[in-house]
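Geometric and topological summary
In case you want the letters, here they are:
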Amino acid sequence: MTTEPLAPTVLDVTGMVVHAGHVLNTRLAAALAAIDVSPRNYCVLVHAVDRDLTQAQVAELSDLDKTTMVVTMDELERTGLAERRPAPSDRRARIIVVTDAGRDLIRAGRGIVDGVHAEVLGTLPEDERAMFLSALSRLVGGVLAKPVESEVNVRRARTPKR
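Residues numbered from 1 in each chain as written. Predicted model: local features only at pLDDT ≥ 70, side-chain atom pairs only at ≥ 80, totals over all residues. Heavy atoms only, no water.

This paragraph deals with helix α5 (residues 100-121). For α5, built from 22 residues, the straight-helix expectation of 32 Å at 1.5 Å per residue is met to within 8% by its first-to-last C-alpha distance of 31 Å. Along its length, α5 shows its largest kink, about 30°, at Gly109. Within α5, the full set of buried residues consists of Gly102, Leu105, Ile106, Gly109, Val113, Val116 and Leu121. Residues of α5 that are buried make contact with α1 (13-32), α2 (39-48), β2 (90-98) and α6 (126-141). (Helix = DSSP H or I, 4+ residues; strand = E, 2+ residues; numbered from the N terminus. Expected span 1.5 Å × (residues − 1). Bend = angle between axes of the 7 residues up to and from the residue. Buried < 20%, exposed > 50% of the residue type's maximum accessible area, 1.4 Å probe, protein only. Contact = heavy atoms within 4.5 Å.)

Summed over all chains, the structure comprises nine salt bridges. Residues Asp50 and Arg103 are paired through a salt bridge, measuring 2.6 Å at the closest nitrogen-oxygen approach. Placement of the pair is Asp50 in the loop between α2 and α3 (55-62) and Arg103 in helix α5, with a sequence separation of 53 residues. Using a relative accessible area of 65% as the deciding quantity, one classes Asp50 as exposed. Close ionic contact of Glu77 with Arg84 constitutes a salt bridge, the shortest N to O distance being 2.7 Å. Taking relative accessible area as the criterion, Arg84 reaches 21% and is therefore assigned partly exposed. It is possible to trace a salt-bridge network through shared partners that takes in Asp74, Glu77 and Arg84. (Salt bridge = Lys/Arg side-chain N within 4 Å of Asp/Glu carboxyl O.)

Let's shift gears to the side chain of Thr72. Here Thr72 is to be found in helix α4 (residues 66-78). If we ignore the near neighbours within four places in the chain, the residues touching Thr72 are Arg40, Asn41, Val44 and Leu64.

As a further point, take the environment of Ser134. Tracing the backbone shows Ser134 in helix α6. For the pair Ser134 and Thr26, spaced 108 residues apart in sequence, the C-alpha separation works out to 23 Å. A polar atom in the side chain of Ser134 sits 2.8 Å from the side chain of Arg138. (Polar contact = N/O pair within 3.5 Å; in protein donor to acceptor, adjacent residues only side chain to side chain.)

Turning next to the nonpolar core. Ranked by size, the top nonpolar core spans 23 residues in total, and within it Leu45 and Met69 carry the most contacts. Broken down by secondary-structure element, the contributors of at least two residues to this core are α1, α2, α3, α4, β2 and α5. Setting aside residues up to four positions removed in sequence, Leu45 forms contacts with Leu76, Leu81, Ala82, Val98, Gly102, Leu105 and Ile106. (Core = buried A, V, L, I, M, F, W, Y, C linked by side-chain atoms within 4.5 Å.)

Below, the discussion takes up unusual backbone geometry. With glycine set apart, most residues show a phi of negative sign, and most peptide bonds adopt trans. Non-glycine residue Asp36 carries a positive phi angle of around 60°. For Asp36, a relative accessible area of 70% puts it in the exposed group.

Successive side chains on a regular strand alternate, one facing one side of the sheet and the next facing the other. With six bridges connecting them, strand β1 (residues 82-87) and β2 associate as antiparallel partners. Residue Arg85 lies in a different strand from β2, and its bridge partner there is Ile95. (Pairing = 2+ DSSP bridges.)

See the structure below:
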């Protein structure tokens, strides 16, 4: 009886991407804590600012499901960073409006987010940075743009509460 080796023979791309995303998100969360905002809340504010987008449209841009978006908007309204207003074209829909306090937070957060990204990308040689960003952009704009239908429920990793 011959035994076929079952050890991986190629890099675990899924594992590396999931791990890198998780670690980058924790770095971002730690850095944004200085201005008391989560990466998710910051993301929603950035996608909503200066646009007349509905809550559903901002959720899609932010890659959030409906329930998470509702909870996020509840937090943003409670803290005075954004508000929901009726959409003129559909009374059931709500437009997300970033408040002046939310705009100030975006300004403060931009340098923090850019700094985290620069720190991470700075570990690569400059020519590799451009290649990496180009390849990643092509992947997330192409084959990895949307999840595929699956009978198996794939859950995202939960961020531990403090």
